[in-house]
Structures are given as C-alpha cells and as structure tokens.
Amino acid sequence: MNYFRKSIHEMSGYVPGEQPPLGTKIIKLNSNENPYPPSPKALKVLQQIDPEMLRRYPDPTGKSFRIAAGKALGVPDDWIAVGNGSDDLLNLIVRAVGEAGKPVVCPSPTYVLYRTLAEIQDAEFVEVPYPDDYKLPVDLLIAAQGAVTFIASPNSPSGTAISVADLEKLAQDLSGILVIDEAYVDFAENSALELTKKYSNVIILRTLSKGYSLAGLRLGFAIANPTLLAELNKIKDSYNVDAIAYAVAAGAIADSDHKTANAEKIKASRSQLAVIFKELGFEVWPSQTNFLLVRPPNGDAQRIYQTLKERGILIRYFNQPRLDDKLRISIGTEEQNQILLKTLKEIL
Ligand SMILES: *Cc1c(COP(=O)(O)O)cnc(C)c1O
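## Regarding the overall build of the chain
If you tally the helices and strands in the chain, you get 14 helices and 12 strands. The C-alpha atoms of the chain give a radius of gyration of 20 Å, which matches the 20 Å a tight globule of 348 residues would have. Projected onto the principal axes, the alpha-carbon positions of the chain cover approximately 55 × 50 × 50 Å. By residue count, 54% of the 348 residues in the chain fall in the buried class. Taking the intrachain contacts of the chain between residues at least 6 apart in sequence as the baseline, contacts between residues at least 24 apart amount to 71%. Accessible surface for the chain amounts to roughly 16,100 Å². Of this, 53% is attributable to carbon and sulfur atoms. One finds the centroid of the 38 positive side-chain charges in the chain at a distance of 3 Å from the centroid of its 41 negative side-chain charges.

And the structure:
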C-alpha cells in the first residue's frame, strides 16, 4: 500500500553527510562546517537570552537580524528575506516556481538538494554537465530555459569559482529566475551580490553555516529586490526561524572581523594542503571554498574513504558518476589537517 504521491514514493530523498553525536571522538571533515568556533560576540548574545524571548513567537520577518545583515552587506533590510538555513530558502524558491512543465535547471555535478527539491515538486529537472575544467556552460544553461536556474558559486563539490561575468550573462539572457547560491562566498575572491541591483530576476543566497561557524543554528538569507522576495515570504512558514537564531545570528554577522580572520586561516591551510596533496600524487581542483575536491593516485577513493572512516576521520565520498573516483575533504584546524595527512600517508 502506498499512501503517498507517486513522485514522493519513487524518489530516493536527499542523503546528508553523516553527523555523529557530539562528543564522538572523530575528525569530522565531511560537511564543510567551519572548524573554528563562532564569534564570541554571538556566544555572548546566546548566554544572555531573555526567557521572555522564548515565551513569545519570534518576529516573522526577522527585522532586527535583517537590519544587522543589511548593514554588514550594504543592502537595505527590505532586500533581505530569512530562512531556516539557506536550504529553507531553496525549498521556498522551488515551491514558488516549480511545477510540471517548468524546468528547474542547474549545472552538474553540484549541490544535490536542487534535484531533490525539484523532484518533490514534480518539476522537470535539467542538468547541464560542467566541462572538466568546471567553466560554467553558459550557453547550454540559457538554452535549457529554466523557470529557475541554480548556480552554486563557488560550486560544491568541485570547490571551483564561477566568473561574475558568466553569471551576469546568465542573468541577462535567462527568462526565469537565477539563484546564485553563495554558501561559500566567505572563502572566495568574488561575489555576484551587485547583480541583484541590476537584474530583477537574480536571488543571492547566503548562509551563516560555513563562514560564520553556525551550521547548528540554521540561519540563511536571500538578497533580491523586494518584489521577488514578497512572493517567497507569502509561502514561508510564519515562524520559520526561531528567536534564538535571529539574536545569535545578528551578533555573528556584525562581527565580520572574526569571520574574516577564520576564513584567512582556512584559506592558508587550503593552499598548504593543496600543495601536499599534489606531492602525494593527488589531482586537486582549484578551490575557493573551505574544502578540496581531490582525486587519489589510483582513483581508489572509496577505499580511502572507508579506511579513513575506520580510523576516525570522516570525509565525503559521492557514489555517483564523475565523482566516484574523488573525495571531498573539508579544511579542518591545523591539528586536524596534520592528522589527516599523516593517516593518508599510512594508507597510501
Ligand atoms: C552548505 C550548503 C548550503 C546549505 O546551507 P544551510 O544554510 O546550512 O542550509 C546550501 N548550498 C550549498 C551549495 C551548500 O554547500
């Protein structure tokens, strides 16, 4: 007996990275979390939460957070909409736009959730393969005529950057919405934020999960013109973000020095790790994120993933075409990176 919609029954569902319980003695380099703690200013807000804030419902639109985020980014607060992580906003966008006959388009391989959300919505899902150098296939993406086109910029799991000029060409020539998912922007050289002012079909997504070390808090936000955001706000849960998340996130986003200092440490480790991986015979993709995509010498990625797991180090292995000979490894603390390298050398 199947009680559910055919498409739901038949889809496989998104599989997140393994999340072992807190306190498990493990080096966790599989979900691109920031290895450094959140801003002390955010933690201070957390310690001073007024119980009255818990008794009452939160502000549905998170005005005080939007003001803080707007100040940090130099955009008006009514150009910002909030989500329970940027995953929530991705979901809202697909729900608002996707239906049968309205294609959801993205280059591939990329963040797998885009596909899952399209499947839930019964929207047609079109993947345009990235070439091996991961340059954005702009013309093919335009030809796919997406009602919504998702570009993770920088991309995951490749870690590669995408040129703002290419994104601008897409914004100009697509008739549908262009979503630029900037989850890793804090580790990148460029942002496409300015495109939101020039093109009425562009939505930028940001999250506090990676750059701000707050993946557990669940706070993401969209930047776009208020007319676009009004449609998304219509369908969001009234209280999709909790009061604690708003308060802590406002503290975190105001402390850009803390975020930048951590990002600098991670970028330095990223460069060092890339050099060493190459010396060990790995192919390494140029990363502007807090992770590296690497191909081990014999492509025996699955064995290395398994062996590292047995030794208490979690990295990400994707058992799918084009990725099943590669590994995605989040950048850890210096100490974690050294243990990873030492263990890898033993395995090889
Ligand atoms: C991590 C990630 C997200 C999800 O971020 P949350 O705000 O934690 O939901 C979205 N897009 C990409 C490409 C990511 O890597």
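Next comes the rest of the write-up.
## Description of the environment of Ala123
Among the structural elements, Ala123 can be located in the loop between helix 6 (113-120) and strand 4 (125-129). Owing to a relative accessible area of 10%, Ala123 belongs among the buried residues under this scheme. Sequence spacing of Ala123 and Ala147 is 24 residues, and the spatial spacing of their C-alpha atoms is 9.7 Å. With residues up to four places along the chain from it excluded, the contact list for Ala123 reads Gly98, Glu99, Ala100, Lys102, Val104 and Ala118.

## Some remarks on the site of the ligand
Taken together, Gly85, Ser86, Asp87, Tyr111, Asp181, Ala183, Tyr184, Thr207, Ser209, Lys210 and Arg218 make up all the residues around the ligand. Within the side chain of Ser209, one N or O atom sits 2.6 Å away from an oxygen atom of the ligand. Considering the ligand on its own, with 390 Å² of exposed area, one finds that the protein chains cover 93% of that surface.

The rules behind these values
Residues numbered from 1 in each chain as written. Predicted model: local features only at pLDDT ≥ 70, side-chain atom pairs only at ≥ 80, totals over all residues. Heavy atoms only, no water. Helix = DSSP H or I, 4+ residues; strand = E, 2+ residues; numbered from the N terminus. Rg over C-alpha atoms; globule rule 2.2 N^0.38 Å. Buried < 20%, exposed > 50% of the residue type's maximum accessible area, 1.4 Å probe, protein only. Contact = heavy atoms within 4.5 Å. Areas by Shrake-Rupley, 256 points an atom, 1.4 Å probe, with all protein chains shown as cover. Lys, Arg positive; Asp, Glu negative; His and termini not counted. Charge placed at Lys NZ, Arg CZ, Asp CG, Glu CD. Near = heavy atom within 4 Å. Polar contact = N/O pair within 3.5 Å; in protein donor to acceptor, adjacent residues only side chain to side chain.

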